[in-house]
Amino acid sequence: AQSVTQPDIHITVSEGASLELRCNYSYGATPYLFWYVQSPGQGLQLLLKYFSGDTLVQGIKGFEAEFKRSQSSFNLRKPSVHWSDAAEYFCAVGRGEGGGADGLTFGKGTHLIIQP
Amino acid sequence: EPEVTQTPSHQVTQMGQEVILRCVPISNHLYFYWYRQILGQKVEFLVSFYNNEISEKSEIFDDQFSVERPDGSNFTLKIRSTKLEDSAMYFCASRARAGVYNEQFFGPGTRLTVL
């Protein structure tokens, strides 16, 4: 069975500083990888996704992530964070199997705090 | 921009009562999902639904749960006899046509509180 590990429960970053959120996955085949963001009391918004091809993917709000197969990682980065980036970030893996058998497996999330 | 909608946004019920959570997926999507998130915990997959039947379900999705697509637009999750531990945020998601893998779009969630 697939799994996702987000080793950092909380991360505090100063506004304007760079950010990297870690994600490691376990899956036997080629994974489909996602980063979602959840603001307090809100739903899940897709930041970016990796299906195939270029291992560096760009997303919304200035985020990017790099797929590294050798490290089973899909870390999320942003060069300069804004106070509005404070939220919960979830990494997820999908199997992409046919017939809808592709429920996503989420990590436990990383709570991002932005300090002035 | 099309989006997944869910009603109600918050539902409070007594333990043992039946609840139905409603979702309207994006109109041309074919795959439908329910997830739940207990407060402070990660999002967990419950069930996927395609071609009017369940494709996959997790161990959480026991006999107390059922899903239905009663018409061409709604997708519902029914909990027959709610327990305190069913208190959670429930998210509906949908995905477009297969052939090429594509992402799931999530609704805003229904917060279920069981008293």
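To start, this report covers the structure provided alongside it. (Residues numbered from 1 in each chain as written. Chains lettered and ligands numbered in written order. Predicted model: local features only at pLDDT ≥ 70, side-chain atom pairs only at ≥ 80, totals over all residues. Heavy atoms only, no water.)

**Digging into the layout of surface pockets**
Then, in step 1: By volume, the largest pocket amounts to about 520 Å³.
Then, in step 2: Residue lining of the largest pocket: 23 residues in total, with Leu 44, Gln 45 and Leu 46 of chain A together with Glu 3 and Phe 106 of chain B positioned closest to the centre.
Then, in step 3: For the lining of the largest pocket, the secondary-structure elements that each account for two or more residues are strand 5 (32-38) and strand 6 (45-50) of chain A together with strand 1 (5-7) and strand 10 (105-106) of chain B.
Then, in step 4: Ranked by residue count, the leading element in the lining of the largest pocket is strand 5 of chain A, at three residues.
Then, in step 5: Here the residues of the lining of the largest pocket are counted per class, giving 11 nonpolar, nine polar and three charged.
Then, in step 6: When the residues that make up the lining of the second largest pocket are grouped by side-chain class, the tally is seven nonpolar, 10 polar and three charged. (1 Å grid on protein atoms, 1.4 Å probe; cavity = no way out; pocket = protein on both sides within 12 Å on 5 of 7 lines; lining within 4 Å. Points joined across faces, edges and corners; volume = space filled by probe spheres on them. Helix = DSSP H or I, 4+ residues; strand = E, 2+ residues; numbered from the N terminus. Nonpolar A, V, L, I, M, F, W, Y, C, P; charged D, E, K, R; others polar.)

**Comments concerning unusual backbone geometry**
Residue and element names in this part refer to chain B.
Then, in step 1: Residue Pro 8 follows Thr 7 across a cis peptide bond; omega there is -10°.
Then, in step 2: Note that Pro 8 resides in the loop between strand 1 and strand 2 (10-13).
Then, in step 3: Positive phi is not limited to glycine here, since Asn 52 has a value of about 65°.
Then, in step 4: With respect to the helices and strands, Asn 52 occurs in the loop between strand 5 (43-50) and strand 6 (53-57).

**A word on the state of the cysteines**
Then, in step 1: Using the criterion set out here, one finds two disulfides over all chains in the structure.
Then, in step 2: Here Cys 23 of chain A pairs with Cys 91 of chain A through a disulfide, and the sulfurs are 2.0 Å apart. Disulfide Cys 23 of chain A-Cys 91 of chain A: torsion about the S-S bond near -65°, hence left-handed. Here the residue Cys 23 of chain A occupies a position in the loop between strand 3 (19-21) and strand 4 (24-26), and Cys 91 of chain A occupies one in strand 10 (residues 87-94), the gap between them amounting to 68 residues.
Then, in step 3: One disulfide bridge connects Cys 23 of chain B with Cys 92 of chain B, the sulfur atoms lying 1.9 Å from each other. Between Cys 23 of chain B and Cys 92 of chain B, the S-S torsion sits near -65°, and that sign places the bridge as left-handed. (Disulfide = S-S within 2.5 Å.)

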